[in-house]
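Next come the chains, spelled out residue by residue.
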Amino acid sequence: MAIVHRLLRSAAAAFSPAAAAARRGLSALAAEQTLERNVQWVFLGCPGVGKGTYASRLSQLVGVPHIATGDLVREELASSGPLSQQLAEIVNQGKLVSDEIIIDLLSKRLERGETKGESGFILDGFPRTVGQAEILEGVTEIDLVVNLKLREDVLLEKCLGRRTCSQCGGNFNIASINAEEGNGKPRICMPPLLPPANCMSKLITRADDTEEVVKKRLHIYNEMSRPVEEFYRKRGKLLEFDLPGGIPESWPKLLQALNIEDHDDKQCAVA
Ligand SMILES: Nc1ncnc2c1ncn2[C@@H]1O[C@H](COP(=O)(O)OP(=O)(O)O)[C@@H](O)[C@H]1O
């Protein structure tokens, strides 16, 4: 991974079509650097599908960092740095942040990881546009892209039920989902993931998890991010995964689909 953040930076500074040839050169260089390395996976999926939950669990199992660009954006927002006002306006309207800003935040995160000896990654929320996918492809090899899928009506309910503990940072969901089968949609039951009693009074809701903004984000996902699925499908890297329900039901099935055994030990078998 050592080279990825430097290459991403170069790519961010080279958005012009004229830089495409240079990017192809960088790609060859990156490939050489990544012959022996940890997994480099991407999680795709609509807002609320559970990318963060499953990417975070898998990252612990596989022993690579879980890097969520949404978290990087929220950290930047909370830091009251020069970008925070501009970011707040974009995020709270459910729009996408510019590729330049996202790549800068991601490069910095990879750089911090490198100094701590991190290697490999599970990316969550990146790439979200075909442009971002092309840039990533130009700088490093992605081994696998997991596309998490869930009915859209359930996605909205899940987003509206999301809560975070402002003290411990734990993520919970107060929604109790019981969506009936119909119109070709499968029945989905998801019990709430309730916080422990000491977190109860400290729960906060993301400013962009309102009904209006979630609907906007779903719309933008369909317009801007859906083509990223096709980008990886064409390259034979896309693993489609329909979530059958909540975590207890979905987690073992996801591990099965990935051919991973959960031994509660980082030396798990990854095929
Ligand atoms: N790769 C990205 N490109 C552009 N904007 C991004 C990206 N990742 C995150 N963001 C911004 O951060 C917000 C929150 O991201 P995230 O937590 O991944 O949300 P979601 O729950 O919609 O998947 C997005 O709505 C967007 O404004």
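Here, every reference points to the structure presented above.
Residues numbered from 1 in each chain as written. Predicted model: local features only at pLDDT ≥ 70, side-chain atom pairs only at ≥ 80, totals over all residues. Heavy atoms only, no water.

Focus on the overall build of the protein chain
- Along the protein chain, the regular secondary structure elements total ten helices and ten strands.
- For the protein chain, the residues scored as buried account for 45% of the 271 residues in total.
- Residue pairs at least 24 apart in sequence account for 72% of intrachain contacts in the protein chain once pairs closer than 6 positions are excluded.
- Summed over all atoms, the accessible surface of the protein chain reaches about 13,500 Å², with 51% contributed by carbon and sulfur. (Helix = DSSP H or I, 4+ residues; strand = E, 2+ residues; numbered from the N terminus. Buried < 20%, exposed > 50% of the residue type's maximum accessible area, 1.4 Å probe, protein only. Contact = heavy atoms within 4.5 Å. Areas by Shrake-Rupley, 256 points an atom, 1.4 Å probe, with all protein chains shown as cover.)

As for unusual backbone geometry
- Cis peptide bonds are those with omega within 30 degrees of zero, and the linkage from F126 to P127 qualifies with 0 degrees.
- Along the chain, the position of P127 falls in the loop between β3 (121-124) and α7 (130-139).
- We note that S80 has phi near 55 degrees; this positive angle belongs to a residue other than glycine.
- Residue placement: S80 occurs in the loop between α4 (69-78) and α5 (84-92).
- In this model, N259 sits at a positive phi of 60 degrees, which is unusual for a non-glycine residue.

Some details on the nonpolar core
- Counting residues in hydrophobic clusters, the biggest one holds 65 residues, and the most contacted among them are W41, L58, L148, Y232 and L254.
- Among all residues touching Y232, those that are not within four sequence positions of it are L44, P127, A133, L136, I142, V145, K237 and L238. (Core = buried A, V, L, I, M, F, W, Y, C linked by side-chain atoms within 4.5 Å.)

What about the packing of α4 against α5?
- Taken N-terminus to C-terminus, the directions of α4 and α5 make an angle of 130 degrees; their axes are 8 Å apart at the nearest point. By the criterion of interaxial angle, the relationship of α4 to α5 is oblique. Every pair of crossing elements has a handedness; the one defined by α4 and α5 is left-handed. Between α4, through V73, E76 and L77, and α5, the contact on the second element is made entirely by S84, L87, A88 and V91. (Axes fitted to C-alpha atoms, helices over the stretch in contact; angles between N-to-C directions. Parallel < 35°, antiparallel > 145°, perpendicular 65-115°, else oblique. Left-handed = near helix turned anticlockwise from the far one by under 90°.)

So, the sheet that holds strand β9 (residues 203-204)
- Spatial strand order, β6-β5-β9: three strands in an open sheet with antiparallel pairing. In this open sheet, the two strands that pair with only one neighbour each are β6 (171-173) and β9.
- By the bridge criterion, two bridges tie strand β5 (residues 162-165) to β9 in an arrangement that is antiparallel. Along β9, the bridge assignment pairs T164 with I204.
- Sheet strands in contact with helix α8 (residues 152-161) are β5 and β6, and its direction is about 25 degrees off that of β5. (Pairing = 2+ DSSP bridges.)

Observations concerning the site of the ligand
- Around the ligand, a shell composed of 18 residues is seen, among which T69, R74, K95, G125 and R217 lie nearest.
- Take R74: an N or O atom from its side chain is 2.9 Å from an oxygen atom of the ligand.
- In terms of residue count, α4 provides more of the shell around the ligand than any other element does, four residues in total.
- Among the residues making up the shell around the ligand, the classes are represented as seven nonpolar, four polar and seven charged. (Near = heavy atom within 4 Å. Polar contact = N/O pair within 3.5 Å; in protein donor to acceptor, adjacent residues only side chain to side chain. Nonpolar A, V, L, I, M, F, W, Y, C, P; charged D, E, K, R; others polar.)

Some points on the pattern of salt bridges
- Tallied over the entire structure, the rule returns 19 salt bridges.
- The partner of R151 in a salt bridge is D153, with the nearest N and O atoms 2.7 Å apart.
- Given the relative accessible area of 12%, R151 is considered buried.
- One connected set of salt bridges, linked through shared partners, spans K149, R226, E229, E230, R233 and E240. (Salt bridge = Lys/Arg side-chain N within 4 Å of Asp/Glu carboxyl O.)

Overview of the pairing of strand β1 (residues 40-44)
- For β1, the tally of buried residues reaches five of five residues, placing the bulk of the element in the interior.
- Along β1, one buried face is formed by Q40, V42 and L44 and the opposite face, lined by W41 and F43, is buried too.
- Note that β1 and β3 share four bridges and pair parallel. Looking at the pairing, F43 lines up with D124 of β3.
- Two strands pair when backbone bridges link them, and β1 and strand β4 (residues 144-149) are joined in this way by four bridges, in the parallel orientation. Its bridge partner being in β4, F43 is matched across the sheet by V146.

Thoughts on the sheet that holds strand β10 (residues 238-242)
- Within the open sheet, the five strands sit side by side as β2-β3-β1-β4-β10. Their pairing is parallel. Looking along the sheet, the strands with just one partner apiece sit at the ends: β2 (66-68) and β10. In this sheet, neighbouring strand axes are inclined to one another by 20 degrees on average, regardless of whether the strands run parallel or antiparallel.
- Packing of helix α10 (residues 247-258) onto the sheet brings it into contact with β1, β4 and β10, and relative to β10 it is tilted by some 155 degrees.

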